Amino acid sequence: MRYGQAKLPLFIIAIVFFIVAFIGLFYTDDYSSLSSTSILKLNKPCSSQETITNDLTPQKKITSDLKSDDSAKGSSVVPEDIDNIDVDDEELLINKCDLAKGRWVFNNLSKPLYSDRTCQYLDKQISCVKNGRMDSGYRHWEWQPDNCIFPRFDPQVVLDKLKGKRLMFVGDSLQRNQWQSFVCLVESVIPADQKSMRRGHAHSVFKAKEYNSTIEFYWAPFLIESNSDLDIIADPRKRILKVDSVSKHAQYWIGVDILVFNTYIWWMNGIKIKSLWGSFANGEDGFEELEEQVAYRIGLKTWANWIDSTVDPNKTRVFFTTMSPTHIGSLDRHEKKGFRCYNETRPFLEYWGSDLNRRVMDIVASVVQRMKIPVQFINITQMSEHRIDGHASVYAKTQGKVVTDEQKADPKHNSDCIHWCLPGVPDTWNRLFYTYL
């Protein structure tokens with residue numbers, strides 16, 4: 001009898017244990033899925049423990065994005081109801097996807113928010129229609145992320161977000177490309193007497209007076225200091241970089257509410273970089289020649305140290321635009337024919353630019369991953385790789401002058417396959433940036 005009485009409680013305990021374990025497992029799985037969804041919210045600034053588009057670390061995120069095999073599938077049309085999505089549905093769709101992964105779709109019904117004739121702030125270099133480009137298809141390709149809705153750029157919403165704030169793009173001519181796109185996207189809804197532009201050699205400021213906000217550009221192609229910052233030295237072998245200092249530039253970054261950085265193309269010349277510690281007064285006697293990737297890492301760490309030691313994340317948001325692809329390398333599709341990006345009217349279906357240095361991308365990811373201040377990537381690289389048709393090509397300026405008909409006959413030596421026509425691809429970069437804002 002005693003043995004039978006002792007066995008019954010053990011049996012009951014076993015049943016209770018399995019029931020509790022099953023409930024616990026179910027609850028854990030459900031909670032995990034909720035957590036992974038909630039961390040993706042885009043309608044608020046991300047904290048130091050969050051990223052906006054997914055929960056990967058910066059290094060894992062940028063590597064997975066850039067190595068993805070997703071590509072354009074052809075000229076399908078954007079769904080007709082893309083502008084009629086309910087706000088809650090749109091947020092849910094955004095939260096479930098990575099905006100940098102997708103394809104280009106052709107939408108002949110779309111119309112850019114500006115043209116190089118309506119926006120007075122565009123440089124002649126990238127005003128392709130004014131410079132004679134006749135085809136218009138490159139302006140109608142839209143980026144469609146996989147399995148989600150990509151919010152359209154709303155200039156009024158942007159201006160409301162920027163009210164009383166300073167936004168500054170910092171970097172090279174490709175960053176200036178993005179800055180001019182952003183200005184042109186918003187300026188059309190501002191009355192003529194409520195906006196102004198002050199152009200400077202290094203620092204330019206567009207002001208939306210009614211909103212007491214500015215959209216600025218600061219020229220710093222290396223981010224760190226060099227002897228080629230203002231008086232540009234064309235021969236990269238004569239450039240000297242002060243790899244341990246950003247102070248000359250950084251004085252302009254203090255107090256800015258939103259900073260958007262880039263640096264890449266000026267480092268990639270295939271030669272060793274003259275790198276200097278200390279003062280330029282030492283001149284030729286003070287530099288050391290470093291491999292470009294070594295110098296790039298040191299320079300980027302100098303920038304990162306300034307961000308970590310100076311920026312208050314409660315007052316300033318920091319972004320980094322990833323590498324803008326070029327289409328000029330010897331392995332590109334038309335190089336053997338001598339055309340480079342000239343006469344291209346459609347995106348590549350599958351492509352990885354031969355001029356992009358993946359090891360440099362890894363350097364950016366690893367440096368940002370170790371920073372204390374959160375930095376959000378604006379990952380433009382993969383989506384822009386396909387867009388060989390979007391470059392200024394022969395519809396640009398060289399040495400301050402528009403390419404002549406005679407020069408156009410030699411596109412191999414007179415095509416700009418680095419910068420982008422506006423309106424064009426950089427508008428999509430800013431649509432991505434807008435989503436983060």
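Look a little higher up for the structure.
Conventions used here
- Residues numbered from 1 in each chain as written.
- Predicted model: local features only at pLDDT ≥ 70, side-chain atom pairs only at ≥ 80, totals over all residues.
- Heavy atoms only, no water.
- Helix = DSSP H or I, 4+ residues; strand = E, 2+ residues; numbered from the N terminus.
- Expected span 1.5 Å × (residues − 1).
- Buried < 20%, exposed > 50% of the residue type's maximum accessible area, 1.4 Å probe, protein only.
- Pairing = 2+ DSSP bridges.
- Axes fitted to C-alpha atoms, helices over the stretch in contact; angles between N-to-C directions.
- Salt bridge = Lys/Arg side-chain N within 4 Å of Asp/Glu carboxyl O.
- Parallel < 35°, antiparallel > 145°, perpendicular 65-115°, else oblique.
- Left-handed = near helix turned anticlockwise from the far one by under 90°.
- Contact = heavy atoms within 4.5 Å.
- Nonpolar A, V, L, I, M, F, W, Y, C, P; charged D, E, K, R; others polar.

(A) Just helix α5 (residues 173–187), in detail. Compared with an ideal rise of 1.5 Å per residue, which puts 15 residues at 21 Å, α5 spans 21 Å between its outermost C-alpha atoms and is within 8% of the ideal. In terms of burial, α5 is a largely internal element, 14 of the 15 residues being buried.

(B) Main features of the sheet that holds strand β12 (residues 317–321). The strand order across the open sheet built from seven strands is β4-β5-β6-β3-β9-β12-β13, with neighbouring strands paired in mixed fashion. Of all the strands in the sheet, just β4 (195–198) and β13 (375–378) have a single pairing partner and so form its edges. Between one strand axis and the next, the sheet turns through 15 degrees on average, direction left out of account. Alignment of strand β5 (residues 203–208) against strand β6 (residues 213–219), held across six bridges, turns out to be antiparallel. By the bridge assignment for β6, Ala208 is matched with Ser213.

(C) Molecular detail of the pattern of salt bridges. Enumeration according to the criterion identifies 11 salt bridges in this entry. Glu187 is paired through a salt bridge with Lys195; the nearest N and O atoms lie 2.6 Å apart. Taking relative accessible area as the criterion, Glu187 reaches 5% and is therefore assigned buried. A relative accessible area of 14% means that Lys195 is categorised as buried. The partner of Lys242 in a salt bridge is Glu225, with the nearest N and O atoms 3.9 Å apart. Here the residue Lys242 occupies a position in strand β8 (residues 240–242), and Glu225 occupies one in strand β7 (residues 225–226), the gap between them amounting to 17 residues. Look at the salt bridges and you will find they share partners, linking Asp123, Arg176 and Arg199 into a network.

(D) The arrangement of the sheet that holds strand β10 (residues 273–276) in detail. Taken together, four strands build an open sheet; the order of strands is β7-β8-β10-β11 and the sheet is mixed. Of all strands in the sheet, those bounded by a partner on one side alone are β7 and β11 (287–290). Taken together, the four bridges between β10 and β11 define a ladder with antiparallel strand orientation. Directly across from Lys274, in β11, lies its bridge partner Glu289.

(E) Structural view of the pairing of β5. Most of β5 is tucked away: five of the six residues are buried. Judged from the four bridges that link them, β4 and β5 form a sheet pairing that is antiparallel. In the sheet register, Arg198 faces β5, and the bridge partner there is Val205. Between β5 and β6, which pair antiparallel one after the other, the connecting turn spans four residues, and Asn212 there sits at a positive phi close to 50 degrees.

(F) Up close: helix α12 (residues 425–436). Between its first and last C-alpha atoms α12 spans 18 Å; for 12 residues at 1.5 Å apiece the expected length is 16 Å, and the two agree. With 12 of its 12 residues buried, α12 lies for the most part within the structure. Listed in full, the buried residues belonging to α12 are Val425, Pro426, Asp427, Thr428, Trp429, Asn430, Arg431, Leu432, Phe433, Tyr434, Thr435 and Tyr436.

(G) View of the packing of helix α7 (residues 292–310) against helix α8 (residues 358–369). Close contact between α7 and α8 brings their axes to 10 Å; oriented N to C, the two are set at 25 degrees. Looking at the two axes, α7 sits roughly parallel to α8. Crossing angle aside, the handedness with which α7 passes α8 is right-handed. Here α7 contributes Gln293, Tyr296, Arg297, Leu300, Lys301 and Ala304 to the contact with α8, which in turn contributes Arg359, Val360, Ile363, Val364, Ser366 and Val367. In the contact of α7 with α8, the residues fall into seven nonpolar, two polar and three charged.

(H) Layout of the packing of α5 against α12. Contact geometry for α5 and α12: axes closest at 9 Å, N-to-C directions at 75 degrees. Regarding the angle of α5 to α12, the classification is roughly perpendicular. On α12, the residues that touch Leu174, Asn177, Gln178, Ser181, Phe182 and Leu185 of α5 are Pro426, Asp427, Trp429, Asn430 and Phe433. Partitioning the contact of α5 with α12 into residue classes produces six nonpolar, four polar and one charged.

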